[in-house]
Amino acid sequence: FIAANMYSVPYGLLYKMHNNLPLPADPLGVYLKKGALCFFLSLLFCLPPVWFVIRGFDSRVKETIHLVDDIAEKGDLRSRINVTILDDFGLLTASMNKLMVQFSSIITEIKNGASAVSGSADSISSTVHNASSELTAMNETFAHITETAARQQELIGKTGESLESLVSDSET
């Protein structure tokens, strides 16, 4: 800023002209030398803070990339990005944290639903197995009843024959 200001308005020359002081022999050369000196001094004072800000931003971007890559590779949605500064990038990382919370809750709901379905399937399987066992027992019981009924029918038939034989023997 200082260098731009120095190049745009030659204050020293204007001051000397305004106060009727003698001007240097080469006013343009003096103006350019002082402007260049001011420009390089400005760079000297401005570069360290700019370098510090760029380095900090770069480290935040790398940390975020590393964390997002870990989430993509491992699927660990419990990880969160540390938001240290609420600038545009900080707001972006905070939004990513909210997104991971939403993904985590969705996956938890899916797991709970799958667990409930699995429990229901186990219950249904157990009920079907019990019903199958009961049906097998009922079939065996019906087979036994049928066999018993057949024997009773046979005994009734023999009893009828025996009675007829007794009746015919008694008549004779």
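None of these values were measured; they are calculated from a predicted model. (Residues numbered from 1 in each chain as written. Predicted model: local features only at pLDDT ≥ 70, side-chain atom pairs only at ≥ 80, totals over all residues. Heavy atoms only, no water.)

## Details of the packing of aromatic side chains
Evaluation of the coordinates by the stated rule reveals 1 aromatic pair. Ring geometry for F57 versus F89: centroids 5.3 Å apart, planes at 70 degrees, classification edge-to-face. A residue pair is termed long-range when its members are at least 10 positions apart, and F57 in helix α3 (residues 27–74) and F89 in helix α4 (residues 88–171) qualify at 32 residues. Under the relative-accessibility criterion, F57 is labelled partly exposed at 40%. By relative accessible area, F89 is classed as buried at 15%. (Phe/Tyr/Trp six-rings, centres within 6.5 Å; stacked < 30°, edge-to-face > 60°. Helix = DSSP H or I, 4+ residues; strand = E, 2+ residues; numbered from the N terminus. Buried < 20%, exposed > 50% of the residue type's maximum accessible area, 1.4 Å probe, protein only.)

## Topic: a nonpolar patch on the surface
On the surface, L37, L41, L44 and F45 cluster together to form a nonpolar patch covering roughly 450 Å² of accessible area. Checked against the element boundaries, L41 lands in helix α3. (Patch = residues over 30% accessible without salt bridge, like charges linked within 9 Å, V, L, I, M, F, W, Y side chains within 5 Å. Areas by Shrake-Rupley, 256 points an atom, 1.4 Å probe, with all protein chains shown as cover. Salt bridge = Lys/Arg side-chain N within 4 Å of Asp/Glu carboxyl O.)

## Let's talk about the nonpolar core
Counting 5 residues, the largest nonpolar core consists of L67, I71, L77, I81 and M100. Residue contacts for I81: discarding those within four places in its chain leaves T64, L67, V68, T93, M96, N97 and M100. (Core = buried A, V, L, I, M, F, W, Y, C linked by side-chain atoms within 4.5 Å. Contact = heavy atoms within 4.5 Å.)

## Structural notes on the confidence of the model for the chain
Low pLDDT means the predicted atomic positions in that stretch should not be read closely. Looking at the chain as a whole, its pLDDT mean stands at 84, while 94% of the residues score no less than 70. For the chain, the element scoring lowest by mean pLDDT is helix α1 (residues 2–8), at 60; α4 scores highest, at 88. (pLDDT = per-residue confidence, 0-100.)

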